[in-house]
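Structural overview for review
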Amino acid sequence: MAGREALLAELRGVVGARHVLDDEDVRAGYEVDWTRRWRGEALAVVRPGTTAEVAGVVSACAGARVAVVPQGGNTGLVGGSVPAGGEVVVSLRRLVDVGPVDPLSGQVTAGAGVVLADLQAQLAPAGRELAVDLAARSSATVGGLVATNAGGLRVLRHGTMRHQVVGLEAVLADGSVVSRLGGLAKDATGYDLSSLLVGSEGTLGVVTAARLRLVPTRPERVTALLAVRSVADAVAVAAELRDRLDSLDVAELVVGPTLALVARQRGLVPPFAVVPPAALLVECGSRESAPVDELAEAVLGCGAMVEDAAVSEHPSERARLWQHREEITEALQAAGPPRKLDVSLPLAGLATFADDVVVRVAASFPGATCHLFGHVLDGNLHVNVLGAPEGDGEAVDALVLGLVAAAGGSIGAEHGIGRAKVGWLHLSRSPAELAAFRSVKGALDPAGILNPGVLLPAPGATSS
Ligand code: FAD
Ligand code: 2HG
Ligand code: ZN
């Protein structure tokens, strides 16, 4: 207890008393994750306002042998952003500086706490944007997007967050600061620490700022919701549209039962006479005029695979079409809680997996239903299982992730491993890879104070 009080006093000295939250009620929102499956009591929540303060906080915690949980918008879906018990939560949300857009390099530097939607709003006058977009845009932060290597809705065109990061500034476990914010497009001077931190889920360093590559906005947009006959046809149609349309930004799959669920839960009316076996939400963008004819022609070229289509270039109607895709996570949470799995498959095996997993889950867990949707051209399916008998959650995960591994897929496509998938990492990573992971972790964080129990099992009780 004396150690706790001494640490709190030191933390107050670093960030100021009002940014050390140790009151139970004030801490509460930082202690439970978005899914409400993961929660734990923090020793305190600390809100540093500068990189130097982050370094001071990490040093103080390292000195006291107290673990640190970095937290951004707390929208993560694998339990990596909340404490297990006894850690200091370091909220980066006050690091909200956005530098000027460099028109020559097309880059910007943003603080870790900048919320994605705010960043896009600040970039808009320069006619540029970050290429990563996702439904959690009004809360997810730059630091969280980097730390999870977030994917989202535009990966087919621009890649994941990794591909947008030119360099990072971060605080390492000993409190030292590493910084690569100079914006050099080429830099072959050894290990790429920035890249190593991307997707490290707060286990190797606390990201304080990112130098980001931007893309020109394509504000003239056309959106279509296409009814297709099967997941196999959805894959084929999406690939056909990608090959025909330079303007294609988005191709999102929603299977029929999931379309019906989101409509029911959110009071939406799908724009089809009957709910199809699967639907594809596609969107094209242009700087001049919405490529409506181009999209229509390409869709017609897909022949009988597309049974029906709702198309619009008008913002309010486009937003209505998007609701059938973007509101799925909220709808599942309201109907659930669901067992949430985020997997990727080789594209050639995606449809077979999608068909198999539905049948196998229903057969093994009476009353359970599989809801499938995702970023189809990335081979990324979100598998949410509703209605599995109480206590069968781990068995559901085992069945689904076993099928994924057998099909040559990944058990974690874009949400990360967090606490939720630690026990399954061996299905996607070899013993040699896991040993290398442990070596990297041991070298950069020998005392194991950065997010213990996330991504890799905690080596021992280092968290308090
Ligand atoms: P948090 O949830 O706060 O943290 C996530 C992880 O990053 C934790 O391990 C945390 O410790 C670590 N972390 C956070 N900030 C830092 C930092 N500054 N330095 C080091 N580590 C840090 N994800 C996708 O990839 N694609 C999607 O399409 C998508 N859609 C979503 C839709 C909804 C409705 C919701 C709720 C979530 C969605 N997500 C999606 C998941 C989530 O939004 C992303 O993982 C996002 O990147 C998390 O950002 P955050 O700021 O909320 O991070
Ligand atoms: C999405 O693509 C997110 O909407 C969330 O990655 C997926 O809720 C999910 O399972
Ligand atoms: Zn997703």
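Residues numbered from 1 in each chain as written. Chains lettered and ligands numbered in written order. Predicted model: local features only at pLDDT ≥ 70, side-chain atom pairs only at ≥ 80, totals over all residues. Heavy atoms only, no water.

**Let's talk about the sheet that holds strand β4 (residues 88-91)**
For the record, the criterion: Any two strands between which DSSP finds at least two bridges are classified as paired. Here a helix means four or more residues in a row that DSSP labels H or I, a strand means two or more in a row labelled E, and each is numbered from the N terminus.
Sheet architecture is open: 4 strands sit in the order β1-β2-β4-β3, paired in mixed fashion. Looking at strand neighbours, the two that pair on one side only are β1 (20-21) and β3 (68-71), the edges of this open sheet. Summarising the sheet, β1 and strand β2 (residues 44-46) pair through 2 bridges and their orientation is antiparallel. Pairing of V20 across the sheet is with V46, part of β2.

**Focus: the coordination of the zinc ion (ligand 3)**
Put simply, the rule reads: A donor here means an N, O or S atom no more than 2.8 Å from the metal, or no more than 3.2 Å when the metal is Na, K or Ca. Since water is not included, a site may seem to lack partners. The classification of residues rests on relative accessible area computed with a 1.4 Å probe and restricted to protein chains. Under 20% of the type maximum is buried, over 50% is exposed, and intermediate values are partly exposed.
Around the zinc ion (ligand 3), the protein contributes the donor atoms H375 (NE2), H382 (NE2) and E414 (OE), which lie 1.9 to 2.1 Å from the metal centre. When its relative accessible area of 4% is taken as the criterion, H375 is described as buried.

**Let's talk about the UniProt feature "domain: FAD-binding PCMH-type" (unreviewed entry) in the protein**
Worth spelling out the cut-off: UniProt positions are given in the numbering used here, feature names are shortened, and annotations may be inferred rather than shown by experiment.
Within this structure's numbering, the places UniProt gives as "domain: FAD-binding PCMH-type" (unreviewed entry) are residues 38-217. Within the segment residues 38-217, helix and strand shares are 21% and 21% respectively, and the terminal C-alpha atoms sit 37 Å apart.

**Considerations on a negative patch on the surface**
Put simply, the test is: Patch definition: residues above 30% relative accessible area lacking any salt bridge, with like charges linked at up to 9 Å and the nonpolar side chains Val, Leu, Ile, Met, Phe, Trp and Tyr linked at up to 5 Å. Exposure was quantified through the Shrake-Rupley algorithm and a 1.4 Å probe, taking into account, for residues, occlusion by the shown protein chains and nothing else. Basic side-chain nitrogens of Lys or Arg form a salt bridge, by our definition, when they fall within 4 Å of a carboxyl oxygen of Asp or Glu. In this charge count, Lys and Arg are treated as positive and Asp and Glu as negative; neither His nor the chain ends contribute. A charge is said to be at NZ when it belongs to Lys, at CZ for Arg, at CG for Asp and at CD for Glu.
A surface patch of like charges, here negative, comprises E220, D246, E288, D293, E294, E297 and E313. Looking at the negative patch, the element that brings in the most residues is helix α10 (residues 292-300), giving 3 residues. Here E288 lies in the loop between β13 (278-286) and α10.

**A look at the side chain of D342**
Rules: Polar contacts, as counted here, are pairs of nitrogen or oxygen atoms within 3.5 Å of one another; within protein the pair requires one atom able to donate a hydrogen and one able to accept it, and residues that are adjacent in sequence qualify only if both atoms are side-chain atoms. It only takes one pair of heavy atoms within 4.5 Å for two residues to be counted as in contact.
Looking at where D342 falls in the secondary structure, it is placed in strand β15 (residues 339-344). For D342, which is buried and forms no salt bridge, the nearest opposite charge comes from K421, at a distance of 6.3 Å. Polar contacts involving the side chain of D342 include one to the main-chain amide nitrogen of E414, which spans 2.7 Å. Look past the residues within four positions of D342 in its chain and what remains in contact with it is N380, L381, H382, S410, I411, G412, A413, E414, H415 and G416.

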